[in-house]
Amino acid sequence: MSRRNRVLVTGGAGFLGSHLCERLLAQNCQVLCVDNYFTGSRDNIAGMLSNPRFEALRHDITFPLYVEVDQIYNLACPASPMHYHLDPVQTTKVNVHGSINMLGLAKRVRASILQASTSEVYGDAVEHPQTEDYWGNVNAIGTRACYAEGKRCAETLFFDYRRQHGVAIKVARLFNAYGPRMFVGDGRVMSTFVVQALRGEPLTVCGDGGQTRSFCYVDDTIDGLLKLMSAPNEITGPINVGNTQEITILELANLIIRMTGSKSGIVHTKLPPDSPSRRRPDITKAEAILGWSPTTPLEAGIEKTISYFDHLLSAESSTPPLRPVLAEVRTWPP
Ligand code: UDP
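## Some words on the nonpolar core
Most often, soluble globular proteins keep nonpolar side chains buried together rather than apart.
Then comes step 1: With 63 residues, the main nonpolar core has Leu-24, Tyr-73, Met-190 and Ile-302 as its most contacted residues.
Then comes step 2: For this core, the element with the highest residue contribution is helix 8 (residues 249-260), accounting for 7 residues.
Then comes step 3: Leu-24 has contacts with Val-7, Val-9, Cys-29, Val-31, Tyr-73 and Leu-226, leaving out every residue within four places of it along the chain.
Then comes step 4: Ile-72, Met-102, Ile-169 and Val-171 belong to the second-largest nonpolar core, a separate cluster that totals 29 residues.

Here is the structure:
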């Protein structure tokens, strides 16, 4: 095995992190998965534990970590608004202290480090679609700021570590990703709607549902991360990684009802504060620089997501839940 193959994935037991770990193992990497299991789940990595090239470490990256690695993917952070609202201070900490710790590690061991940033850095964007040059429109004191400003500060830290210390950085701005291993009850729209439809419960559309998002299937998102990491050092990003197919939330609700064959209706609930009204990535840069663009059409991705939750919910009805429901997750660290 090449010496450059030791890869650390923070948040490795999360939704995206666990998919990334699997892909890295398939590329023959030696994977160190670090997670504090606040939102990550051991079930996500259970299938990898027997692989001798995989190691799981329970650790909160707001504390320093001393390991020898060649590449770091920094994914650790609760990504669902419902989760990051549970502990906003810690959400900022994981982005700021966590990034400082991981950048310090990258500097010490001369590893390349990729930050999973987010479209949330654009806030309630007044430019549409969002290009990487757009500086964003974020409410610094709102309830989403712990995530949006935390991720913005992380980007600042990444670029300052590059300018000041020559660290090999990469910054990917991920737009709404979805697919198998999203958590039941994490409040994100895709998992929420699919689970509600499968259970025959009404789909909770916030506001009039006219707000838009552009959903990227998990395999495509992971492809984008891998391509960015393997690009030459001068390709730092920030670079948008997302699907350009934009859909209103009401259209999404109706699509999921149709695709599940559900008898569920729709109820309208309050729109959360500072929730962006339109979101669609401009991915010209990713296409030109990385040769990356998503290949999974929305309906194909939703189909796979429905099968995943269908299977999970049928299993849950006969056995105890695979992971604690959100209401039981009250403390951080757990
Ligand atoms: N949303 C909704 N019903 C839900 C959950 C979310 O209508 O049960 C809406 C939410 O208001 C937002 C969009 O779906 O406009 C995406 O929400 P999500 O929390 O998945 O991610 P965001 O992109 O806002 O971080």
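Next, the rest of the story.
## Structural notes on the side chain of Asp-220
Then comes step 1: Assignment of secondary structure puts Asp-220 in helix 7 (residues 218-230).
Then comes step 2: Although Asp-220 is buried, it makes no salt bridge; Arg-23 carries the closest opposite charge, 7.6 Å away.
Then comes step 3: Residues contacting Asp-220, with those up to four places away along its chain left out, are Trp-292, Pro-294, Thr-295 and Thr-296.

## Describing the environment of Tyr-308
Then comes step 1: The residue Tyr-308 is located in helix 10 (residues 298-318) in this model.
Then comes step 2: Along the backbone, Tyr-308 and Met-182 are 126 residues apart, and their C-alpha atoms lie at a distance of 9.4 Å.
Then comes step 3: Apart from the residues lying within four places of it in its own chain, the contact partners of Tyr-308 are Pro-180, Arg-181 and Met-182.

## Focus on the packing of aromatic side chains
Then comes step 1: Here the structure, examined in full by the defined rule, presents 6 aromatic pairs.
Then comes step 2: For the ring pair Tyr-178 and Phe-215, a centre distance of 6.3 Å and an interplane angle of 90° mean the geometry is edge-to-face. Of this pair, Tyr-178 sits in strand 7 (residues 177-178) while Phe-215 sits in the loop between strand 9 (212-214) and strand 10 (216-217), and the two are 37 residues apart along the sequence. There is no split in this pair, since Tyr-178 and Phe-215 are both buried.
Then comes step 3: Feature note: the residues Tyr-122, Tyr-134 and Phe-175 constitute an aromatic cluster, connected by ring pairs.

## Regarding the pairing of strand 6 (residues 169-174)
Both faces of the sheet carry side chains from a regular strand, because those side chains alternate between them.
Then comes step 1: The element strand 6 is largely enclosed, with a buried count of 6 among its 6 residues.
Then comes step 2: In strand 6, alternate side chains face the same way, and those of Ile-169, Val-171 and Arg-173 on one face and Lys-170, Ala-172 and Leu-174 on the other are all buried.
Then comes step 3: Of the pairings in the sheet, the one linking strand 5 (residues 112-118) to strand 6 comprises 6 bridges and is parallel in character. Within strand 6, the position partnered with Leu-114 by the bridge is Lys-170.
Then comes step 4: A crossover links strand 5 with its parallel partner strand 6, the connecting element being helix 5 (residues 145-165), and its sense is right-handed.
Then comes step 5: Bridging between strand 6 and strand 11 (residues 239-241) involves 3 bridges; their strand directions are parallel. Residue pairing for strand 11: Ala-172 is matched across the bridge by Ile-239.

## Concerning helix 7
Then comes step 1: Along its 13 residues, helix 7 runs 19 Å from first to last C-alpha, staying within 8% of the 18 Å computed at 1.5 Å per residue.
Then comes step 2: Residues Val-218, Asp-220, Thr-221, Ile-222, Gly-224, Leu-225, Leu-226, Leu-228 and Met-229 constitute the buried set of helix 7.

## Section: the pairing of strand 1 (residues 6-10)
Then comes step 1: Extensive coverage of strand 1 is indicated by the burial of 4 of its 5 residues.
Then comes step 2: Where strand 1 meets strand 2 (residues 30-35), 5 bridges bridge the pair, whose relative direction is parallel. When the bridges of strand 2 are listed, Leu-8 appears paired with Leu-32.
Then comes step 3: Where the polypeptide runs from strand 1 across helix 1 (residues 15-26) and back to strand 2, its parallel neighbour, the crossover connection is right-handed.
Then comes step 4: Bridging between strand 1 and strand 4 (residues 71-74) involves 4 bridges; their strand directions are parallel. When the bridges of strand 4 are listed, Val-9 appears paired with Tyr-73.

Definitions and limits used
Residues numbered from 1 in each chain as written. Predicted model: local features only at pLDDT ≥ 70, side-chain atom pairs only at ≥ 80, totals over all residues. Heavy atoms only, no water. Core = buried A, V, L, I, M, F, W, Y, C linked by side-chain atoms within 4.5 Å. Buried < 20%, exposed > 50% of the residue type's maximum accessible area, 1.4 Å probe, protein only. Helix = DSSP H or I, 4+ residues; strand = E, 2+ residues; numbered from the N terminus. Contact = heavy atoms within 4.5 Å. Lys, Arg positive; Asp, Glu negative; His and termini not counted. Salt bridge = Lys/Arg side-chain N within 4 Å of Asp/Glu carboxyl O. Phe/Tyr/Trp six-rings, centres within 6.5 Å; stacked < 30°, edge-to-face > 60°. Pairing = 2+ DSSP bridges. Right-handed = clockwise from strand over helix to strand, strands pointing away. Expected span 1.5 Å × (residues − 1).

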